[in-house]
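Here is what each chain is made of, one letter per residue.
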Amino acid sequence: MNHPIVEIRNVFFSYNGHEVLQDVTLDVLQGDFIAMIGPNGGGKTTLLKLMLGLLKPTGGSVRVLGVPAQKASHHIGYVPQEVHGNRSFPITALDVVLMGKLEPGKRFTRKSRQDREEATKALERMDMAAFAGRRIDELSGGQRQRVYIARALVTQPKLLLLDEPTASIDTRGQADFFRLLKKLNKDVAILVVSHDLLVISTHVKSVACVNKRFHYHCQAEVTGEMIEMMYPCTGEEICPVELLAHGLPHRVLKDHKA
Amino acid sequence: MDCPTGFSKTIRLEAMIEALQYDFMRHALAAGLLASVICGIMGALVVVNRIVFLSGGIAHAAYGGIGLAFFFGWPYFFGTIGFSLGAAVVMATVSLKAKHRADTIIGVIWAMGMATGVILLDLTPGYNVDLMSYLFGSILTVPASDLWMMLFAAVMIAGLVAFFYKDLLALSYDEEFARIRGVPVRALYFAMICMLAITIVLVIQVVGLILVIALLTIPPFIAEKHTKSLLQMMVGSVVLSAFFTVIGLWLSYAFNLTSGASIILVAGIFFLLFLPLEHVVRRSRS
């Protein structure tokens, strides 16, 4: 039986009296490749943080591998959009990846050599082994992203959570990136939060829409309703979004009212 | 000790070596070097976590503790440390819970702490601590007992930081990720702030408030851009600090200047030279 990795049941979340998420229910199963979309402020990042145990729901429950999210957060590989704070921190790519080897309750084990080997392998997997000894602030945005993914991989996660991973990558890089994710998907479930509707790859298997409420689409199809949710057009206004594409758009969208 | 205006290098060097035969000079050097170790390690953490203003707040608020200790007749050590820990915890809590207000609150505590100390000392009958010596320290009148205390502090700090290095590194670089990996970030942050408060109070006693702030910030700032790990940054800060201290003490001895201020000026001059140099290097690289 396919036990869910993450079980979110009727979750509500409020912040400062303002309701951010309303009655969200979702199961993340092994082998999933979910794209989570929705407008800014709609609750995507909040939902991520709830899954990681960084926040507690005001109502409902979030369980990871059968236990409350906080207890199992180390089974989820988290790839943030960018690391907040100090840009000129003295740290090498390898040391960033090694951070993934920290484990709760295992403060004082000295397995340095094995850890370093695993970290190096993770970097190799992301084609970043050559940069292992470089300072993290010497790398480009896309290279940094790959280091963060390596860091998440080294935790040997059941689920990879990526927050807006393609923000600092060019279009060509994005295609490579999603191809890489498809490869990783063989071993790991993946959930990608995307603030950009247009960059949903064909490799994605299902789409989750978050805008305070939650809708799950088992197919990888972007519907007119989804676009409407993110870029609402009233009857009389001109649609504020012009969809540009190079060549033929890869997906045909259902008509939405102009 | 009137030195002729001819700048003979040998005379200066001989004068320095001659100076080391004096107890006070050796103590001053030892105090400076121990302060370098302590401030180098903690300073790296301060700069990397961007809590320089908070450290300034703790340092100035500590004066309130001194005032309290004198006024109520408490032992100096406990009065000052107790007050500083209290102020530090308040400031740390504010910086966690209400980040946008932290700046202001720290500024308020900074000023009020100092003013409280001054007023309390005004109200204390009898002999009082001189403000100048608190600001600039009395490195030339360091008793041996203070040196032992600083040695103990240096060993404790080095030991604690070494023990919790991986966690401190994770906390400083990526707190969110550290939390996910099970690092007790809140407790560790407060522990770090408390360690900082204690070291500030200890070192201020010896080298003065202004020098402590200078040593906590200038050497780590220079080391930050040129090292590849937090550990290297700490070592680099300690070495730079020690270098500034030795040169500063030498200059203060040779030209009869205030020692604390001399050390700070040496550090400051290197800092200013370093800035445009770094800019040039960066431009040549790109």
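Residues numbered from 1 in each chain as written. Chains lettered and ligands numbered in written order. Predicted model: local features only at pLDDT ≥ 70, side-chain atom pairs only at ≥ 80, totals over all residues. Heavy atoms only, no water.

Draft legend 1. Structural detail: the overall build of chain B. Scanning chain B from N- to C-terminus turns up 13 helices and zero strands. In chain B, the succession of helices and strands from N to C terminus is α-α-α-α-α-α-α-α-α-α-α-α-α. Here the C-alpha radius of gyration of chain B, 20 Å, is about what a compact globule of 286 residues would show, namely 19 Å. Across its three principal directions, the C-alpha atoms of chain B cover 65 × 65 × 30 Å. In chain B, which comprises 286 residues, the proportion classed as buried is 50%. (Helix = DSSP H or I, 4+ residues; strand = E, 2+ residues; numbered from the N terminus. Rg over C-alpha atoms; globule rule 2.2 N^0.38 Å. Buried < 20%, exposed > 50% of the residue type's maximum accessible area, 1.4 Å probe, protein only.)

Draft legend 2. Representation of the nonpolar core in the model. Ranked by internal contacts, the top residues of the largest apolar core, which has 133 residues, are Val147(A), Leu162(A), Leu181(A), Ile190(A), Ile58(B) and Tyr173(B). Beyond its immediate stretch of four places on either side in the chain, Ile190(A) contacts Asp32(A), Phe33(A), Ile34(A), Leu159(A), Leu160(A), Leu162(A), Leu181(A), Leu184(A) and Asn185(A). By size, the runner-up hydrophobic cluster in this structure holds 33 residues, among which are Phe13(A), Val20(A), Leu52(A) and Ala189(A). (Core = buried A, V, L, I, M, F, W, Y, C linked by side-chain atoms within 4.5 Å. Contact = heavy atoms within 4.5 Å.)

Draft legend 3. A look at the sheet that holds strand β2 (residues 18–28) of chain A. Residue and element names in this part refer to chain A. If you trace the four strands from one edge of the open sheet to the other, you get β2-β1-β4-β5, paired in antiparallel fashion. At either margin of the open sheet sits one strand with a lone partner, and together these are β2 and β5 (67–68). Both strand β1 (residues 6–15) and strand β4 (residues 59–64) contribute to a ladder of five bridges, which runs antiparallel. Looking across to β4, one finds that Glu7 is bridged to Arg63. Against the sheet, helix α1 (residues 44–51) makes contact with β1, β2 and β4, and its axis sits at roughly 125° relative to β1, the strand it touches most. (Pairing = 2+ DSSP bridges. Axes fitted to C-alpha atoms, helices over the stretch in contact; angles between N-to-C directions.)

Draft legend 4. Structural context of the pattern of salt bridges. Throughout the structure, instances matching the rule amount to 10 salt bridges over all chains. Arg9(A) is paired through a salt bridge with Glu7(A); the nearest N and O atoms lie 3.6 Å apart. The partly exposed category is assigned to Glu7(A), whose relative accessible area is 25%. In this structure, the salt-bridge partner of Lys49(A) is Glu176(B), at a minimum N-O distance of 3.2 Å. Taken as a pair, Lys49(A) in helix α1 and Glu176(B) in helix α9 (residues 175–180) lie in two separate chains rather than in one. Residue Lys49(A) is classed as partly exposed on the basis of its relative accessible area of 26%. On the basis of relative accessibility, which here comes to 18%, the residue Glu176(B) falls in the buried class. Three or more residues are tied together by salt bridges with common partners; here these are Glu7(A), Arg9(A) and Asp27(A). (Salt bridge = Lys/Arg side-chain N within 4 Å of Asp/Glu carboxyl O.)

Draft legend 5. Looking closely at the interface of chain B and chain A. Of the residues lining the interface, 27 residues belong to chain B; the matching set on chain A comes to 33 residues. With both chains or domains summed, chain B and chain A bury close to 2,800 Å², and 58% of this area falls on carbon and sulfur atoms. Among the residues of chain B in contact with chain A, Tyr173(B), Ile180(B) and Arg181(B) are the three that bury the most area, contributing 33% of the side total. Linking chain B with chain A are two salt bridges, by the criterion used here. Linking chain B with chain A are 16 residue pairs in polar contact (both at pLDDT 80 or more), by the criterion used here. Counting only elements with at least two residues in the side of chain B that touches chain A, the list comes to α2 (23–48), α8 (165–173), α9 and α12 (230–255) of chain B. (Buried area = accessible area lost by both parts, 1.4 Å probe. Polar contact = N/O pair within 3.5 Å; in protein donor to acceptor, adjacent residues only side chain to side chain.)

Draft legend 6. Structural context of helix α4 (residues 141–153) of chain A. All names here are of chain A. An ideal rise of 1.5 Å per residue puts 18 Å on 13 residues; α4 measures up with 18 Å between its terminal C-alpha atoms. In terms of residue burial, α4 counts as a mostly covered element, since 12 of its 13 residues are buried. All buried positions along α4 are accounted for by Gly141, Gly142, Gln143, Arg144, Gln145, Val147, Tyr148, Ile149, Ala150, Arg151, Ala152 and Leu153. (Expected span 1.5 Å × (residues − 1).)

Draft legend 7. Main features of the state of the cysteines. Residues and elements named next belong to chain B. Applying the stated rule across the entire model yields zero disulfides over all chains. As a non-bridged cysteine, Cys194 has Cys39 as the owner of its nearest cysteine sulfur, 17 Å distant. Owing to a relative accessible area of 24%, Cys194 belongs among the partly exposed residues under this scheme. (Disulfide = S-S within 2.5 Å.)

Draft legend 8. The pairing of β4(A), seen in detail. Residues and elements named next belong to chain A. Looking at chain direction, β4 and β5 are connected through two bridges and run antiparallel. When the sheet's bridge partners are listed, Val64 is paired in β5 with Val67. Here β4 hands over to β5 after two residues, with Leu65 in that stretch at a positive phi of 50°.

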